[in-house]
Amino acid sequence: MSIPNDLKFAASHEWVRMEGDIATVGISDHAQKELTDIVFVELPSAGRQVEAGKECAVVESVKAASDIYAPVSGEITASNDELTANPALANTDPYGKGWFFKVKLANKAELDKLLDPAAYGKSIGE
Amino acid sequence: MRPPLLNEQSKPGLQAVAFPVTNDPVDLPAEHRRQTPAPLPEVAEVDVVRHFTILSKDNFSVDTHFYPLGSCTMKYNPKVNEYVSALPGFAQLHPLQPASHAQGAMRLIFELEQMLGEICGMDAFTLQPAAGAHGELTGMLIARAAHLARGKPRRKVLVPSSAHGTNPASARLAGFQIVTVPGAPDGLLHPDQVAPLIDEDTAAIMLTNPNTLGVFEEHILEIARMAHEKGALLYYDGANLNALLGLCRPGDMGFDIVHVNLHKTFSTPHGGGGPGAGPVGVKKHLAPFLPSPRAQQNPDGSFSWQHNLPQSIGKMRAFHGNFSVLARAYAYIRALGWEGLRAASRAAIIHANYIKKQLEDKFPAYTNRPCMHECVLMANHLKEAGLTVRDIAKRILDYGYHAPTIAWPIHDCLMIEPTETESKETLDAFISAMRKVAREIETESYTLQHAPHHMPIQRVDEVKAARELRLRD
């Protein structure tokens, strides 16, 4: 299972990549494997305020529909239109082209509550 | 080969029904009138009949196959039910006919409410809800109205993680917040899991008993006590009532509201064959909130509708529910009687335990407890063979059985509900087929991966179908 070293993770399987005060969010390799083939995503639109721990997106596979929780609070600055058009990107490239949305961070301290790659790996039994 | 679609058979000028041509003025505003004919296929009646008859031969149904679809209670639907519901006095009633002209139907409604009340241990019933989830919504609206009437609206509803998905959906639709109660390894709901979550803001706890793992919730009396102590209501999802008929009653377990799926427990057709019916029963203290109108018997023995119900949540459905479904359930209950219902539930429980025992070396049960009317079996060692539980479901079709429910309420499981209406020979043949599939998992994974092999339509690419959804040409 791939867990890149430069990311932080929520226990609910979202990853966060920081660039300045912008957090890019997606779902982990483990999450996409558990969901199996993803057929639909619904992403928050730019301008929306999201709150850490609250659902803000939806992902559907042939197996299940799941909520995606915002790992951090803030304003959505972009969502991945390419993923909406081709949800399979979350399966084939979960940490790259399969990103979900970007959040302008409201509270940097929330990053400390996220798991580092080792802790996340442990939480999924790696 | 796929039979041609009706659209593909269409030929201008063909028609099934010859409508009279009229030059009478149409009483419809011009902007709402169709300018061009609707793009419907033009086909002869005989071709329409053949088209659907041919398609119907590819169908799996209780009348053609054993259908052990867990949690759906696909029992045989006796044909005498059809005879009763088709009696002209029922079938040709107009829903707007005054109650005084429909005393037979009124009596059926009134008596069915009484019978369901006796079976479930509840004081009053409504027959309006159109199906199970509609019954849940009705029940949740009653819970909301009851708390409001007490002057204390409440916001939360507790739902176990193994609940049917409709439970949280119905509670949410009624305006509640959902609090999920986690499952325990033994498959039971424990009072100490409920205790930290229940409080004075909890409107209700929604439970199924036996639960979705097919196990009887043996702490139910304690959980009912805890709910009532906090002023919360206990809601019974009747999905699994087929295990309890004449043996024990939700009302006696402390449930305040129940819904019953007539299309499961009371043998009315479903799964494409029916509409359903989801009657809701309540304890006396909640009766004023039931939907209006309510059937009542007058002192002279006649029946009428009671409309003056100021605390009622109002109407949940046009007219009086799916009446012809009610007539079928009435016929079923009258045919079986109390002893017959009890025998049905006992047989349902014995059948499920028989399958569980006969398959335990190949598909071990999720829990060692005796099951009720359905068993949840684990399909282990699938990953090593590169298979999923879906492959088992597809392969069992080749052996002539509808697939069990799969991957719910837990991963890699098969939920098998044989029902009481199957013979030992049928159960044995199914068990033997499942054992063959178990051998194939070990030695012939390719056969499973590409199953079904003997169905009119082979493995469907569900991912492609979902990703490239095309609803019209």
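Thresholds applied
- Going along each chain's sequence as written, the residues are numbered from 1 onward.
- The naming scheme follows written order: chains are lettered A onward, ligands numbered 1 onward.
- Restriction of local features to residues with pLDDT of at least 70 applies here, the model being predicted, together with a cutoff of 80 or more for giving and counting side-chain atom pairs; totals for whole chains, interfaces and linings are based on all residues.
- Secondary structure is summarised from DSSP: a helix means a run of H or I of at least four residues, a strand means a run of E of at least two, and numbering begins at the N terminus for each.
- When we talk radius of gyration, it's over C-alpha atoms, and the globule rule is simply 2.2 Å times the number of residues to the 0.38.
- Contact criterion: two residues are in contact if their C-beta atoms, reconstructed from the backbone, are within 7 Å.
- Any two strands are treated as partners once DSSP identifies two or more bridges connecting them.
- Think of it like this: strands point away, you trace from the first strand over the helix to the second, and a clockwise trace means the crossover is right-handed.
- Axis definition: a line fitted to C-alpha atoms, limited for helices to the stretch in contact. Angles are taken between N-to-C directions and run from 0 to 180 degrees.
- Any residue with 12 or fewer other C-beta atoms within 10 Å of its own C-beta is exposed, any with 20 or more is buried, and the rest are partly exposed; the C-beta atoms used are placed from the backbone.
- A set of buried Ala, Val, Leu, Ile, Met, Phe, Trp, Tyr and Cys residues, joined through C-beta atoms within 7 Å, is what we mean by a nonpolar core.
- The domain boundaries here were taken from an automatic or database domain assignment.
- The pLDDT value tells you how sure the predictor is about a given residue, anywhere from 0 up to 100.
- Under this scheme an angle from 65 to 115 degrees is roughly perpendicular, one under 35 degrees roughly parallel, and one over 145 degrees roughly antiparallel; angles in between are oblique.
- In this scheme the crossing of two helices becomes right-handed for a clockwise turn of the near helix relative to the far one and left-handed for an anticlockwise turn of less than a right angle.
- Classification convention: Asp, Glu, Lys, Arg as charged; Ala, Val, Leu, Ile, Met, Phe, Trp, Tyr, Cys, Pro as nonpolar; all other residues, Gly among them, as polar.
- For a helix, the expected span equals 1.5 Å multiplied by the residue count minus one.
- Here the arc refers to the set of directions running from the helix axis out to each C-beta atom.

**Regarding the overall build of chain B**
- On a plain count of helices and strands, chain B comes out with 16 helices and twelve strands.
- In terms of overall size, chain B behaves like a compact globule, its C-alpha atoms giving a radius of gyration of 25 Å where 473 residues would be expected to give roughly 23 Å.
- Overall, chain B is about 75 × 65 × 45 Å in size when its C-alpha atoms are taken along their principal axes.
- Residue pairs in contact within chain B that sit at least 24 positions apart in sequence constitute 72% of those at least 6 positions apart.

**Concerning the sheet that holds strand β3 (residues 22-27) of chain A**
Residue and element names in this part refer to chain A.
- Read from one edge of the open sheet, six strands run β1-β2-β3-β9-β8-β5, paired in antiparallel fashion. Of all strands in the sheet, those with a lone pairing partner are β1 (8-9) and β5 (49-50), marking the two edges.
- For strand β8 (residues 74-79) and strand β9 (residues 101-105), the ladder comprises five bridges, and the chain directions are antiparallel. Bridging from a neighbouring strand, Glu-75 pairs with Lys-104 of β9.

**Observations regarding the pairing of strand β3 (residues 177-181) of chain B**
Residue and element names in this part refer to chain B.
- Pairing of strand β2 (residues 156-160) with β3 involves five bridges; the strand directions are parallel. Bridged to Pro-160 within β3 is Val-181.
- Handedness of the crossover joining β2 and β3 through helix α7 (residues 166-173) is recorded here as right-handed.

**Overview of the sheet that holds strand β4 (residues 202-207) of chain B**
All names here are of chain B.
- One open sheet holds the seven strands; their spatial order is β1-β7-β6-β5-β4-β2-β3, and the pairing between them is mixed. Edge positions in the open sheet fall to β1 (124-126) and β3, since each of these has one partner strand only. Between one strand axis and the next, the sheet turns by 20° as a mean value, whatever way the strands run.
- Against the sheet, helix α6 (residues 132-149) contacts β1, β4, β5 (233-237), β6 (257-259) and β7 (280-282), and its axis sits at roughly 165° relative to β6.

**Some details on the pairing of strand β7 (residues 65-69) of chain A**
Residue and element names in this part refer to chain A.
- Across five bridges, the pairing between strand β6 (residues 55-61) and β7 is antiparallel. Opposite Val-59, over in β7, you have Ser-66 as the bridge partner.
- Connecting the antiparallel pair β6 and β7 is a turn made up of three residues.

**A closer look at unusual backbone geometry**
All names here are of chain B.
- Ser-292 connects to Pro-293 through a cis peptide bond whose omega is -10°.
- Position of Pro-293 among the secondary structure elements: in the loop between β7 and β8 (294-297).
- For the bond from Ala-451 to Pro-452, the omega torsion is 5°, close enough to zero to count as cis.
- Secondary-structure assignment places Pro-452 in the loop between α15 (445-449) and α16 (462-467).
- In this structure, Ser-71 is a non-glycine residue whose phi angle is positive, near 80°.
- Turning to its location among the elements, Ser-71 is positioned in the loop between α2 (45-57) and α3 (79-85).
- A tally of 21 C-beta atoms within 10 Å means that Ser-71 is categorised as buried.
- Notably, Thr-419 is not glycine yet its phi reads approximately 65°, a positive angle.
- Here Thr-419 is to be found in the loop between β12 (413-416) and α14 (424-443).

**Thoughts on the nonpolar core**
- Ile-142, Tyr-235, Ile-257 and Leu-326 of chain B are the most contacted members of the largest nonpolar core, which totals 114 residues.
- Two domains each donate at least three residues to this core, and these are domain 2 (79-335) and domain 3 (348-464) of chain B.
- In this structure Ile-257 of chain B touches Gly-139, Ile-142, Ala-143, Leu-233, Tyr-235, Tyr-236, Val-280, Val-282 and Leu-286 of chain B, once residues within four positions along its chain are discounted.
- Residues Phe-9, Ala-31, Val-39 and Val-59 of chain A belong to the second largest nonpolar core, which totals 31 residues.

**Structural notes on the confidence of the model for chain B**
- Taken as a whole, chain B shows an average pLDDT of 94; of its residues, 99% reach a score of 70 or greater.
- On the interface metric, ipTM, the complex scores 0.75, and its pTM is 0.90.

**Some words on the packing of helix α13 (residues 389-398) of chain B against α14 of chain B**
Residue and element names in this part refer to chain B.
- Contact pair α13 / α14: the axes reach a minimum separation of 10 Å and the direction vectors enclose 130°. Of the possible angle classes, the one that applies to α13 and α14 is oblique. Here α13 runs over α14; the crossing is right-handed. On the side of α13, the interface is formed by Ile-392, Arg-395 and Ile-396, while α14 contributes Ala-433, Val-437 and Glu-440.
- Looking at the contact of α13 with α14 residue by residue, the class counts come to four nonpolar, no polar and two charged.

**A look at helix α5 (residues 103-120) of chain B**
All names here are of chain B.
- When the terminal C-alpha atoms of α5 are compared, their 25 Å separation across 18 residues agrees well with the 26 Å that a helix rising 1.5 Å per residue should span.
- Inspection of α5 places Ala-105, Met-106, Leu-108, Ile-109, Leu-112, Glu-113, Leu-116, Ile-119 and Cys-120 among the buried residues, and these make up the whole buried set. Across the axial projection of α5, the buried residues extend over an arc of 160°, all falling on one side.
- Of the residues one or two after α5, Gly-121 is the one with positive phi, at around 75°.

**Side note on α14 of chain B**
Residue and element names in this part refer to chain B.
- For α14, built from 20 residues, the straight-helix expectation of 28 Å at 1.5 Å per residue is met to within 8% by its first-to-last C-alpha distance of 29 Å.
- Looking at α14, one finds that the buried residues are Phe-430, Met-434, Val-437 and Ile-441. Projected down its long axis, α14 carries its buried residues within an arc of 55°, all on one side. For α14, the exposed residues set more than 90 degrees away from the buried face come down to Lys-424, Glu-425, Ser-432, Arg-439, Glu-442 and Thr-443.
- Buried residues along α14 sit in contact with α13 and α15.

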